[in-house]
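Results of the structural survey
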Number of protein chains: 4
Amino acid sequence: MKAVQVVGYGSNLELADVPAPEVTGPHDVIVKIGGAGVCRTDIHILEGQWAEKSGVTLPYTIGHENAGWVHAVGSAVTNVAEGDKVIVHPLITCGLCRACRAGDDVHCAQSAFPGIDTNGGYAEYLKTSARSVVRIDDSLEPSDVAALADAGLTAYHAAAKAARTLRPGDRCVVIGAGGLGHIGIQVLKAITAAELIVVDRNADAVKLAVSIGADHGVVADGGQVDEVLGLTGGEGAEVVLDFVGEGGATRDGVAMLRRAGDYHVVGYGENIDVPTIDIISTEINFIGNLVGSYTDLCELMVLAAQGKVRLHTSKYPLEGFQDALDDLDAGRIRGRAILTP
Amino acid sequence: MKAVQVVGYGSNLELADVPAPEVTGPHDVIVKIGGAGVCRTDIHILEGQWAEKSGVTLPYTIGHENAGWVHAVGSAVTNVAEGDKVIVHPLITCGLCRACRAGDDVHCAQSAFPGIDTNGGYAEYLKTSARSVVRIDDSLEPSDVAALADAGLTAYHAAAKAARTLRPGDRCVVIGAGGLGHIGIQVLKAITAAELIVVDRNADAVKLAVSIGADHGVVADGGQVDEVLGLTGGEGAEVVLDFVGEGGATRDGVAMLRRAGDYHVVGYGENIDVPTIDIISTEINFIGNLVGSYTDLCELMVLAAQGKVRLHTSKYPLEGFQDALDDLDAGRIRGRAILTP
Amino acid sequence: MKAVQVVGYGSNLELADVPAPEVTGPHDVIVKIGGAGVCRTDIHILEGQWAEKSGVTLPYTIGHENAGWVHAVGSAVTNVAEGDKVIVHPLITCGLCRACRAGDDVHCAQSAFPGIDTNGGYAEYLKTSARSVVRIDDSLEPSDVAALADAGLTAYHAAAKAARTLRPGDRCVVIGAGGLGHIGIQVLKAITAAELIVVDRNADAVKLAVSIGADHGVVADGGQVDEVLGLTGGEGAEVVLDFVGEGGATRDGVAMLRRAGDYHVVGYGENIDVPTIDIISTEINFIGNLVGSYTDLCELMVLAAQGKVRLHTSKYPLEGFQDALDDLDAGRIRGRAILTP
Amino acid sequence: MKAVQVVGYGSNLELADVPAPEVTGPHDVIVKIGGAGVCRTDIHILEGQWAEKSGVTLPYTIGHENAGWVHAVGSAVTNVAEGDKVIVHPLITCGLCRACRAGDDVHCAQSAFPGIDTNGGYAEYLKTSARSVVRIDDSLEPSDVAALADAGLTAYHAAAKAARTLRPGDRCVVIGAGGLGHIGIQVLKAITAAELIVVDRNADAVKLAVSIGADHGVVADGGQVDEVLGLTGGEGAEVVLDFVGEGGATRDGVAMLRRAGDYHVVGYGENIDVPTIDIISTEINFIGNLVGSYTDLCELMVLAAQGKVRLHTSKYPLEGFQDALDDLDAGRIRGRAILTP
């Protein structure tokens, strides 16, 4: 089959002809790819930033945001059948460790991550596991939802966790109205009545955020902390969801947080660097957020089927992978680029 | 009445004769002091560290850990009567703001803090509010429990919050086996079956911790992180309760924390300074902890009455305040110093 | 002032001229009534059903769903001022008992209930407490929201409690699309993405429910259990919110509940009568729901101000009280009848 | 191998020689039985009470409380290895359905129940699954803990769920100090500081309950409701854990429950039959409790290893099965009877 592979760090990806994956274990599921999201992480992989962490052997096929149709299943697979339309959770988890047994599968003690540390979905077929495939509604197309498998799932996870404490009248600041923030805003609108204040450096992104439901948009041009304090009666917001995590976002974000508030860390880059005296005297919390669980992905697919979460996509044939990466790198993509083998 | 007052920053406290407080408002409660805890914060106040923050006008009476007997009550007080034996919650709260109405009174929008920003309990009588007095069991003496009013209450609050997620088999690291840690350990033993690992620089404190129920004691002499990892199968603990918060404790503590674990910040001094990438990739949380609520204090007094939380005290007459402070400063106090007017 | 009073059980209400209430205690608040809801409970009171339970002395003024403007306040009132537009929580609570301190004020150990056991709001002025008044948004009128003070608050409380466990993809059956159900549906739409299945005997009520956001409407004409099972893949719903509680509703409702589901009891009349073997083998829960807390009322007023919860009202002058009761009794009211003194 | 089988309802069990189970699926685990608990359910099975519900084909091997050593494992088993000492969760679950993915495996959509609907553990070997075996501490013996696999696990599950809301000062009534109650009391002592009030008809059982940690023992001889109300200041207990569920226990239990309290249903026999008006006016809850999850069993084994949960056992060789059943039926067993093949 055709697959797009990393052949060397610092080199371009290459289209190769490789053997299609086959069922070898009882829980294996082979998915015919309908859409594979092109993510900034893919660029970082090519630059070698993940080389040591993943320990993957080159060449290998990248692509960690995948959806498609079930092509073949192992002997013990009971939850999907050939032909089912599915989205693929990014992790392959063991199902037996303590975390898996508690439903907290992203902390699986022995997970694999196709596209990062084993072959991924820039290809005609992908090998994953019964524990990683979620059937999607007839009304959804794999190429439309593929990018929800990782970026969207992370945003859903954080927004849903935050929503558990948000009551009507509470304010939630969303820092960053890009790919993740865009999903986070739609999720929060669907499951809370909290007032949403969206902060971004890009005025267009702020405008878009307001158009999809944000109650207030704030352009981060220097006065953003004061503006948010003004919108929250001088007290700050009960929750800050930080999808940026760099360039001073965390310093600003903490200043926007109300006493006893929760600061959700999602984006990354800089350090959380806050005096312990401030943490205790205001009794604030910093909440880490990784990608969502399998159950989170099921829930996100419900919101997608209900039309409550939508994602703009630009589609490319598999062979157009270089165009997709170039467009992403140049900031020419609105929403997400998707390869459709 | 006799009262010990701050007359100037950088000066010694002075014993003065001042008018006894009287009931003026409907919720006022006058407490005849049975015991007033001598706290390191009192030394900091004298040094002027709180001058700006509290904005208090000198001279004033210090002492924020108080217990005694109800001496007089305002017209609207229904929860205590003259003669009742009580411990005094450190804050006077309004009862009407959003935080108070939610039971989260330590975040009251307009609280007062006797001993810090108004007259406290190094005196024969203290003026507080109906919302601040908790009746204590007949078996308890005010001078024995006074120090639980603030230091103990903070430890209870953090330990009880941590306990909500601790299940049998989980490990909880307690950093610091001093005044607060000592209470925290007893609380955790009373309300969880978690395995307690206590870390302190002082070998005697570690020994004491083990004698009151810690499952493992670790002397922090450089190898503490490895030792804790060894005790937790290399994975770290589900919860770290940090009663120190300075001198490198937070760096160590984060290294002792398991994936998806909670780091409870109680002690303070240095910064929490952690890369956001580490926070999200392990999905850890930092939980701030202020002093406990009125309800927390009621619960702590139950544990004290049940004999599950005990505190060693050294008692001094009110006039011996300078000895008490000197002994505290010189590290000659085991447990807590208490003034007994 | 003018007031409508119960002068005897089995007799009609009478308009009387009585002294206006005055501030006597520090927390008293006198509200000039802008709207007083006419509730079926008022008819029950007249029939004598509450005589023994309330122990009230006749004559007295009824009316327990009130809103208006602050007319006068006691010396210790800090949360409202003369002229403020407010809705009145139905209970006057003490603020000092265990329940009040935990924010669970509806379980106050010594509450009063104006309109039931003391003078209520079918009058020009009402005496209540600082702990019972919630300021409302400028955009809201007292006569429009008065009926949210009790019926609406009960529906909010139950719906908000249910929402805490409802995730996207979950189903929630609402039994009864009358006054409470109507509010419950709007609340659930505002704060969850659960699929709402509304069941009522009245086809018009079902139609109305669908028009305000229910995903499915089921007319209870005998086949309602099968119909709900059909809508839930044969498994039943994660949550049933029963606003009826009589006429066989509970038997039906339990049959519509999924394994591990929550059955929220709100309406009343018949018994919950279920074999313990069925409760344990399916591990279902029955959750009682009383009127909401002060905090719940604050949250409901936010939803009202956001336009997410609306109530149809028919207004009558205070002197038209008999017409209002007659219309209510005869089923001629759509939404709620409101007296506007 | 030797196995004790049901050969007909109304007939005695018979010892048979049957083929030992073998690994056929990837997740199969064969356990060499070290202890099999003899449970009252086994008597009910013989009486035919479960015939229709289980649909099992006779003859088959009974025994659903099992522990032993891993004898053989399937190709996909990674959590245990040959020779490991294990206790066996009573259910074999699929790991792929919604409930399993959420960690709530007892609600698995396609579980099997060895000893009830397929061959169980009154035998030399038992076939179960990787998802059902929990490694136990070196200090524990299979024959000592076997009875914790079902009866003990149910008690743990209910007690642990109840403990989540119990704070110091709260009261918990335990109805029934027999097999399950005995475990429940030990669990509650280990993980809460709540005051335990144990109610049983049998004075010896009450005495035993007090000896293992109950704070108050109440003999149910007619005055039990008043006695419990007396012990709770007339208000009732925050939690009632009912391990009986028949003979009037539920009527008594509800009368012992405080406003806003939780009634945990564990034992069964009669109906919960309570007016909805009482449920809403006191806002009480009825909480169903099935057997515990895999994670619950892991936690219970920690308490057993810590010596916090102990069970008295009477051991019989496998061939002595009839003696064990006769002794159980005649009330001659203290604690639990265990077959040790």
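Because the structure is predicted, anything quoted here is derived from the model rather than measured.

To continue, consider the confidence of the model for chain A. For chain A, per-residue confidence averages 96 on the pLDDT scale, and 100% of positions sit at 70 or higher. For this predicted complex, the interface confidence comes out at an ipTM of 0.96, alongside a pTM of 0.97.

For the rest of this paragraph, the subject is empty space enclosed by the protein. One pass over the full model with this rule turns up nine cavities of 30 Å³ or more. Put simply, the largest cavity is a space of about 290 Å³. Around the largest cavity, the lining is made up of 20 residues, and of these Ala163, Arg164 and Ile191 of chain B together with Ala163 and Ile191 of chain D lie nearest the centre. Those elements that place two or more of their residues in the lining of the largest cavity are helix H5 (151-163) of chain B together with helix H5 (151-163) of chain D. Considering only residue class, the lining of the largest cavity consists of 14 nonpolar, two polar and four charged.

Take Arg101 of chain A: it is sitting in helix H3 (residues 98-101). You can call Arg101 of chain A buried: its relative accessible area is 3%. Here Asp105 of chain D takes part through its side chain, which lies 3.3 Å from a polar atom of the side chain of Arg101 of chain A.

So, about the nonpolar core. Leu13, Ile87, Tyr122, Leu148, Leu241, Met301 and Leu339 of chain D are the most contacted members of the largest nonpolar core, which totals 91 residues. When residues of this core are assigned to their parent elements, the largest contribution, eight residues, is made by H5 of chain D.

Right, let's talk about the UniProt feature "domain: Enoyl reductase (ER)" (unreviewed entry) in chain A for a bit. Under the UniProt annotation, the feature "domain: Enoyl reductase (ER)" (unreviewed entry) is placed at residues 10-339 of chain A. The distance from the first to the last C-alpha atom of residues 10-339 of chain A is 21 Å, and the span holds 29% helix and 26% strand.

Spanning 12 residues, helix H11 (residues 294-305) of chain D covers 17 Å between terminal C-alpha atoms, matching the ideal 16 Å at 1.5 Å per step. In this fold, the buried residues of H11 of chain D make contact with H3 of chain A together with strand S6 (85-88), strand S8 (133-135), helix H4 (142-145), H5 and helix H6 (179-191) of chain D. Two to three positions downstream of the cap, the backbone nitrogen of Thr295 of chain D sits 3.3 Å from a side-chain oxygen, assigning the N-cap of H11 of chain D to Ser293 of chain D. In the stretch just after H11 of chain D, Gly307 of chain D is the one whose phi turns positive, near 75 degrees.

Another aspect to go through is the relation of the copies chain A and chain D. Relating one copy of the chain to the other requires a rotation about an axis plus a shift along that axis. With an RMSD of 0.0 Å, chain A superimposes on chain D once it is rotated by 180 degrees and translated 0.0 Å along the axis. With respect to symmetry, the two chain copies, as superposed, fit the operation of a two-fold axis. Residue Gly103 of chain A, judged by its C-alpha, is the member of chain A lying nearest the rotation axis, at 2.3 Å. Taken as a fraction of all interface residues of chain A, those also at the interface in chain D reach 100%, which identifies the copy contact as same-surface.

Turning our attention to the packing of aromatic side chains. All names here are of chain A. Per the stated rule, a full pass over the model turns up four aromatic pairs over all chains. Aromatic pair Tyr263 and Phe286: ring centres 5.5 Å apart, planes at 45 degrees, arrangement tilted. Of this pair, Tyr263 sits in strand S13 (residues 257-265) while Phe286 sits in strand S15 (residues 285-288); the two residues are 23 residues apart in sequence, bridging distant segments of the chain. For the residue pair Tyr263 and Phe286, the accessibility class agrees, reading buried in each case.

Okay, the interface of chain A and chain D next. In this assembly, 17 residues from chain A lie in contact with 17 residues from chain D. Overall, the association of chain A and chain D removes approximately 1400 Å² of surface from exposure, summing both partners, and the carbon and sulfur fraction of that is 51%. Counting the surface chain A buries against chain D, the share from its top three residues, Leu96, Arg101 and Arg131 of chain A, is 49%. At the surface where chain A touches chain D, the tally comes to two salt bridges. Counting across the interface, chain A meets chain D through four residue pairs in polar contact (both at pLDDT 80 or more).

Procedures and definitions
Residues numbered from 1 in each chain as written. Chains lettered and ligands numbered in written order. Predicted model: local features only at pLDDT ≥ 70, side-chain atom pairs only at ≥ 80, totals over all residues. Heavy atoms only, no water. pLDDT = per-residue confidence, 0-100. 1 Å grid on protein atoms, 1.4 Å probe; cavity = no way out; pocket = protein on both sides within 12 Å on 5 of 7 lines; lining within 4 Å. Points joined across faces, edges and corners; volume = space filled by probe spheres on them. Helix = DSSP H or I, 4+ residues; strand = E, 2+ residues; numbered from the N terminus. Nonpolar A, V, L, I, M, F, W, Y, C, P; charged D, E, K, R; others polar. Buried < 20%, exposed > 50% of the residue type's maximum accessible area, 1.4 Å probe, protein only. Polar contact = N/O pair within 3.5 Å; in protein donor to acceptor, adjacent residues only side chain to side chain. Core = buried A, V, L, I, M, F, W, Y, C linked by side-chain atoms within 4.5 Å. UniProt positions renumbered as here; feature names shortened; annotations may be inferred. Expected span 1.5 Å × (residues − 1). Contact = heavy atoms within 4.5 Å. Least-squares fit on C-alpha atoms with pLDDT ≥ 70 in both. Phe/Tyr/Trp six-rings, centres within 6.5 Å; stacked < 30°, edge-to-face > 60°. Buried area = accessible area lost by both parts, 1.4 Å probe. Salt bridge = Lys/Arg side-chain N within 4 Å of Asp/Glu carboxyl O.

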